[in-house]
Amino acid sequence: MGTHKHVSFGIICCLLNYLIATSVKKTFDEVTTVAMQMQGYSPDRGDDYVAFSMHAPNGYIVEFEPLSDASRVHHMLLYGCEEPASDAGFWRGHDTCRGSTHILYAWARNAPSLKLPKNVGFPVGEASPSIKYLVLQVHYATPFQGRVKDFSGINLHISSVRPNNFADVLLFSSGEPIPPNQEAYFTNMSCTYNGNVKLHPFAFRTHTHKMGRTVSAYLKHDNKWTEIGKRNPQWPQLFQKIEKPLEINGNDLLAATCRFESTGKNEMTEMGHMGSSEMCNFYMMFYRDADAEDPFPNGAFCSDYASREVAIREYPVEGTQILPKHPEWEEQAKQAEITFGVIEKNSVTKIGKNKLGQISGLSFDKNGNLVVFQRGSRVWNQYSYDYNNILIDKTTIQEPTILIVDTRGNEMKLLQELGQDLFYMPHGIFVDDSNYIYVTDVGSHQVHKLKIVDGKLKVIFSIGEKFVPGNDREHFCKPTAVAVSKADGSIYISDGYCNNRVLKFTKDGRYVTEFGQGSAYQNDLTLGSFNLPHDISIDDANSKIYVADRENGRVQVFNMDGTPIYDIKKSDIFSNVYSAHYCPNHGLFFIPGIAKGKIPDFGYVVPHNRSLFEYAFGPKSVDFKLPHIIRARGNNVFIGEISDGQGLLWKFEIETDNLLKDSSERIANGANFDDKVSSIHLEGTPSSSGNLVLFAMLTFIIVASAYFGYKKFKAKKTIHAPAFFDKSGFQPLSTDDHSDDEMA
Ligand SMILES: *[C@@H]1O[C@H](CO)[C@@H](O)[C@H](O)[C@H]1NC(C)=O
């Protein structure tokens, strides 16, 4: 049985778990994360401004991690308020705060995370005299295409340790209109700093709409002008690091200028929120001694004209000039031309002459064709197995179970049909780069590697003993899914309905190792514990394994050696996850199988390296019934259903000009002040987009509220029995593909 080996593996696994939990505690325990996210909002008009509030958590914000994408959201602004502008919790319009107002963070155009310098934080909640609420304003430029729910927001990293320096943002803004037909028109702001404590600007951001050309700010101290920052506002808008140390003393003059070009305009352009209006903003992020009196208890703003003549006469010319071209950034910052959406393209119950049975698996062959694994006339129901997990009907399915489909056109075009008289209860499928086909058969408890030879499937090898369930190296029990690593051809198998483990085999089918264990009790969400690992997918570029931990309602993310890293879950929205697939162009896609709560079955999308999903999509025509499998390639997403013994195959198309070669590109480092090589890496796209089409007011459902208390990467230190060899976990406790409600 190899029990000894398994037990020692168990110890290694748990030791590792323990070490991870401990190191997380030591290094990061004082930092928790709080996600402020929209809760499935669908904008229904152009220039839709919405905001929501939450009680400020207590502590010091040390990092802002944006959870959005320029193709969906035009900008987000985070405010610290004495009181929110509305008691509603969520509201529409431009209002943000009542009473004192602090800007904490601004995001647009795929700006990356902003991590503050060491020993600097924004005090909030009890740590601050005036910031009692956080308000996030989200500006959607256009409604989405299709049925999309947005979960954009900001993940706040909050430290409980009081830093020596407090951060704040001073906003320069001009309300002056811009006259038409000016090659270069300047709006100016200037203020005298009256405080006693020194200010140290360390990052800045500029913002205008389409007519802005250069935005700059300077300080004048002892008759000497020093640049705070300057930037072309058409470049991706992020907080850029200020390289040299600066200080602002009492009585220093602060001045800022926006340069606009209004050629081709026939009338005045007002300052305002709409895409067709303009803005002139310079955000100066600074820190000051935490023990000193707050020089801006009501918020730091400058839209004055202090010493106006001096400021205009002396303002450094470099601050008003056009900056040298930066083609890469300009390219990234191009206007988003496509309206974001996920569009239902097709849904079929038949491919060629094949009426689809339950679609259990999907994959893509090396030519990009869709490969469908389906059960034909066979249906998995409560009569399929005996109490020892042994299949009752031991005859093969006679119809073709594997269909190779060209999905490029409007119809699903059958290219090849295979897999007659071979399988008993199809489940998972994977096609590798050499067009080897791997399948799991939950009927025979086997995994097969196959090749197409002369139009027929030839078995290269099989793992698992036919019809004999088990939990050792030679036996599976209803193995659910298979994925193959590009790096070395290793085969990863999730096993499955009765065991709770993932096994690794070499490319020629030799056992290497396994990881995972059964959850020790209900809702045991310890990392590494499974309750029905149902699907598996590999992110080769970043060496990660994703496992749909079905009945635990989450996706778990592992290193290639099986060390759990984090999970993705949200139990108030879904309680199970049937399928998960990593697609390099967009990140992780996953889908629950059975609807729960407010938001029925949607496919969810999590960008690379994130633990929070950012949007969800579903069909417009009808709801999903029992989606079982999701696979994405390029901008296409396919979903297979198993409802009522009848298969339904969906094709969706993601409309975005933000298709990435690999989405890890997007998450390149932000203004990370902890790193020596601080990378103000620029990404993303445009400045303003001004869709002024106001859509008819539809009823809209607001499901937004702050989502509080998500603690990132925090392994629970629960000690639990290594249940993966517990015989009690080896009963037919699960479950058919069908709803648990129907099944004993
Ligand atoms: C703003 O300042 C510049 C000098 O930097 C000056 O040329 C321009 O006329 C000023 N603009 C306005 C509207 O006063």
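What you are looking at is a predicted structure, and each value in this text was computed from that prediction instead of being measured. (Residues numbered from 1 in each chain as written. Predicted model: local features only at pLDDT ≥ 70, side-chain atom pairs only at ≥ 80, totals over all residues. Heavy atoms only, no water.)

Asker: Teacher, can you tell me more about the site of the ligand here?
Answerer: Lining the immediate surroundings of the ligand are Glu176, Tyr185, Phe186, Asn188, Arg308, Ile312, Tyr315 and Thr320. Residue Asn188 places a side-chain N or O atom 2.5 Å away from an oxygen atom belonging to the ligand. The protein chains hide 67% of the 360 Å² of surface that the ligand would expose on its own. Within the residue set of the shell around the ligand, elements represented by two or more residues are strand 13 (185-192) and helix 2 (308-314). With three residues, the single largest contributor to the shell around the ligand is strand 13. (Near = heavy atom within 4 Å. Polar contact = N/O pair within 3.5 Å; in protein donor to acceptor, adjacent residues only side chain to side chain. Areas by Shrake-Rupley, 256 points an atom, 1.4 Å probe, with all protein chains shown as cover. Helix = DSSP H or I, 4+ residues; strand = E, 2+ residues; numbered from the N terminus.)

Asker: I'm lost on the pairing of strand 38 (residues 533-539) in this one. Help?
Answerer: The element strand 38 is largely enclosed, with a buried count of seven among its seven residues. One ladder, built from six bridges, connects strand 38 with strand 39 (residues 544-549); its direction is antiparallel. Paired with Asp535 across the strands is Ala548, a residue of strand 39. Between strand 38 and strand 39, which pair antiparallel one after the other, the connecting turn spans four residues, and Ser543 there sits at a positive phi close to 50°. (Buried < 20%, exposed > 50% of the residue type's maximum accessible area, 1.4 Å probe, protein only. Pairing = 2+ DSSP bridges.)

Asker: Looking at this structure, I do not really get the packing of aromatic side chains. What am I missing?
Answerer: Aromatic ring pairs: the centre-centre distance and the angle between the two ring planes describe each pair. In the structure shown here, the tally under the stated rule is 40 aromatic pairs. For the ring pair Tyr41 and Tyr140, a centre distance of 5.5 Å and an interplane angle of 40° mean the geometry is tilted. Separated by 99 residues along the polypeptide, Tyr41 in the loop between strand 1 (31-37) and strand 2 (48-55) and Tyr140 in strand 9 (residues 133-140) bring together distant segments of the chain. The pair formed by Tyr41 and Tyr140 is uniform in burial state, with each residue classed as buried. An aromatic cluster of at least three residues, connected via ring pairs, comprises Tyr41, Phe90, Tyr140, Phe144, Phe340 and Tyr615. When the ring centre of Tyr385 is taken as origin, the NZ or CZ atom of Lys478, which lies over that ring, is 3.9 Å away. (Phe/Tyr/Trp six-rings, centres within 6.5 Å; stacked < 30°, edge-to-face > 60°. Lys NZ or Arg CZ within 6 Å of the ring centre and 35° of its normal.)

Asker: Any chance you could explain the sheet that holds strand 29 (residues 437-441) here in plain terms?
Answerer: The four strands lie next to each other as 28-29-30-31, forming an open sheet whose pairing is antiparallel. Of all the strands in the sheet, just strand 28 (426-431) and strand 31 (456-463) have a single pairing partner and so form its edges. Shown here is a sheet whose adjacent strand axes are inclined to one another by a mean of 25°, direction ignored. Bridge analysis of strand 30 (residues 446-453) against strand 31 gives seven bridges, and the strand direction is antiparallel. Pairing of Val453 across the sheet is with Lys456, part of strand 31. (Axes fitted to C-alpha atoms, helices over the stretch in contact; angles between N-to-C directions.)

Asker: What should I look at first to understand unusual backbone geometry in this one?
Answerer: In this structure, Gly496 follows Asp495 across a cis peptide bond, with omega equal to -25°. At Asn523, a position not held by glycine, the phi torsion is positive, near 60°. The residue Asn523 is located in the loop between strand 36 (517-518) and strand 37 (529-530) in this model.

Asker: Please clarify how the side chain of Thr187 should be interpreted in this entry.
Answerer: By the element assignment, Thr187 lies in strand 13. According to the relative accessible area criterion, Thr187 is buried, its value standing at 0%. Contact partners of Thr187, with chain neighbours within four places excluded, come to Ser174, Glu176, Ala256, Thr257, Cys258, Phe260, Met271 and Cys280. (Contact = heavy atoms within 4.5 Å.)

Asker: Is there a simple way to explain the environment of Gln556 in this structure?
Answerer: Along the chain, the position of Gln556 falls in strand 40 (residues 554-559). With ten residues separating them in the primary sequence, Gln556 and Tyr566 have C-alpha atoms 6.1 Å apart. Once residues within four sequence positions are removed from consideration, Gln556 is found in contact with Thr526, Leu527, Gly528, Ser529, Phe530, Ile545, Tyr546, Val547, Asp549, Tyr566 and Asp567. Within the structure, Gln556 has its side chain in polar contact with the backbone nitrogen of Gly528 (distance 2.8 Å).

Asker: Got a minute to help me understand the pairing of strand 30 in this structure?
Answerer: Every other side chain in a regular strand lies on the same face of the sheet, so the side chains alternate between the two faces. In terms of strand pairing, strand 29 meets strand 30 through five bridges, oriented antiparallel. Bridge pairing in strand 30 places Tyr438 opposite Lys449. In this antiparallel pair of consecutive strands, strand 29 and strand 30, the connection spans four residues, and His445 shows a positive phi of 60°. Counting the residues between successive antiparallel strands, the hairpin from strand 30 to strand 31 contains two residues, one of them, Asp454, with a positive phi of roughly 50°.

Asker: What exactly am I supposed to notice about the environment of Ala520 here?
Answerer: Within the secondary structure, Ala520 sits in the loop between strand 36 and strand 37. In this structure, the C-alpha to C-alpha distance between Ala520 and Asn531, residues eleven residues apart in sequence, is 9.3 Å.

Asker: Would you mind going over the state of the cysteines with me for this structure?
Answerer: One covalent bond between the sulfur atoms of two cysteine residues makes up a disulfide. Applying the stated rule across the entire model yields four disulfides. In this model, Cys81 is linked to Cys97 through a disulfide, with the two sulfur atoms separated by 1.9 Å. The disulfide joining Cys81 to Cys97 has a torsion of about -55° about its S-S bond and is therefore left-handed. Of the two residues, Cys81 sits in strand 4 (residues 75-84) while Cys97 sits in strand 6 (residues 97-108), which places them 16 residues apart along the sequence. Each member of the pair Cys81 and Cys97 is classed as buried. The disulfide that involves Cys258 links it to Cys280, with 2.0 Å between the sulfurs. Its torsion about the S-S bond being 85°, the disulfide of Cys258 and Cys280 is classed as right-handed. Of this pair, Cys258 sits in strand 18 (residues 253-260) while Cys280 sits in the loop between strand 18 and strand 19 (281-289), and the two are 22 residues apart along the sequence. (Disulfide = S-S within 2.5 Å.)

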